[in-house]
Amino acid sequence: MKIQDVCNLAEQKGCRVNYNEQLKNYTTFKIGGNCPAIVEISSAEALGELVKICEENNVKYLVIGKGSNMLCDDNGFDGVVFHVGSDFSEIKMHDDGIIEVQAGCSLMKLCRFALENSLTGLEFAYGIPGTVGGAIYMNAGAYGGEIKDVILSAECIEKDGNVIIYDKDRMELSYRHSVFQENGALISKGFFKLEKGEKSEIEAKMNELMCRRKDKQPLEYPNAGSTFKRPEGQFAGKLIQDTGLKGYTVGGAMVSEKHCGFVINYNNATCEDVKQVIEHVQKTVKDKTGYFLECEVKIIPY
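Residues numbered from 1 in each chain as written. Predicted model: local features only at pLDDT ≥ 70, side-chain atom pairs only at ≥ 80, totals over all residues. Heavy atoms only, no water.

Asker: Lay out the sheet that holds strand E2 (residues 34-40) in plain terms, naming residues and giving numbers.
Answerer: Strand order in this open sheet of four strands is E1-E2-E5-E3, and the pairing throughout is mixed. Among the strands making up the open sheet, the edge pair consists of strand E1 (16-22) and strand E3 (61-64). Taking the axes of each pair of neighbouring strands and ignoring which way they run, one obtains an average angle of 25 degrees across the sheet. Sheet analysis places E3 next to strand E5 (residues 80-83), joined by four bridges and oriented parallel. When the bridges of E5 are listed, valine 63 appears paired with phenylalanine 82. On top of the sheet, helix H1 (residues 3-12) reaches E1, E2 and E5; it is set at about 140 degrees to E1, its chief contact. (Pairing = 2+ DSSP bridges. Helix = DSSP H or I, 4+ residues; strand = E, 2+ residues; numbered from the N terminus. Axes fitted to C-alpha atoms, helices over the stretch in contact; angles between N-to-C directions. Contact = heavy atoms within 4.5 Å.)

Asker: Talk me through the side chain of glutamate 40; I want residue IDs and the actual numbers.
Answerer: Its place among the elements puts glutamate 40 in strand E2. This buried residue, glutamate 40, is left without a salt bridge; arginine 16 holds the nearest opposite charge, at 4.2 Å. With near-sequence residues (within four places) excluded, glutamate 40 lies in contact with Cys15, Arg16, Asn18, Tyr26, His83 and Asp87. (Buried < 20%, exposed > 50% of the residue type's maximum accessible area, 1.4 Å probe, protein only. Lys, Arg positive; Asp, Glu negative; His and termini not counted. Salt bridge = Lys/Arg side-chain N within 4 Å of Asp/Glu carboxyl O.)

Asker: Help me get a handle on the sheet that holds strand E11 (residues 151-157), residues and values and all.
Answerer: Across the sheet, which stays open at both edges, the five strands sit in the order E6-E7-E13-E11-E12 with antiparallel pairing between neighbours. Because the sheet does not close on itself, it has two edges, and the strands there are strand E6 (91-93) and strand E12 (163-167). Averaged over all neighbouring strand pairs, the angle between strand axes comes to 20 degrees, with direction disregarded. As defined by bridge partners, E11 adjoins E12 across five bridges and the pair is classed as antiparallel. Looking across to E12, one finds that isoleucine 157 is bridged to valine 163. Packed onto the sheet, helix H2 (residues 44-56) meets E11 and strand E13 (186-193) and runs at close to 45 degrees relative to E11. The strands that helix H3 (residues 107-116) touches are E6, strand E7 (98-102) and E13; relative to E6, the one it contacts most, it runs at about 25 degrees.

See the structure below:
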């Protein structure tokens, strides 16, 4: 079986297929070479069947959302990419107040839905540039909140195509971690429970946090969010700044002068530029402080 066969099945399942796309157009880092085909996932059924057939026939595949925590190779990806995006982003409110959200829904859209329904608990996520699926996968968090604080369960597709429900305890959510990083199950839906609140207060909190993001983070440049995980008892950005690496540059990649925890694409950086900056930061911080900064960004090889 070839990539084209997978694409033909995808179209039969109602998915759009884009051929010979640049991955840089699908990632917030704006880095990444050509991909033979990008399939716009339209349903959990389609994703399950496509993943199953790829697994059974050794067809290389990659599943992405908004690409907000990824660094893709300039040589591209020589397989098929399943894009879980706007074609799979429906939100439903159940009678019991539980919110059912398809994995391709952006966190911004979900936060605005919560606001319109006067539901509080997701304000921390306003401005995180990812999808619901990616947020669950990473247990995304900011400003004292995390996905684990508001999620009840997730619908997932295993590599054999079977659909199963994981409750919160089974997801093993901790700092920037979930069980899905180990078992490879693909998140298709999230189920959230929020509390009733005052709409004006929720909106004010969302606006406050967005202003803090704009003030503290280099949102004016392509980046993949926080590049490094926070070491226990420390802050990655402070360690990097204290070791004199603010503004450190390789090619078009730079340690942000606005927030040292971010490596930015400030001038048409290549994947290799970013990797060299990351490696230099890790080595320097380790040599000078004893702390090893684990990379939070997922690096996708060719």
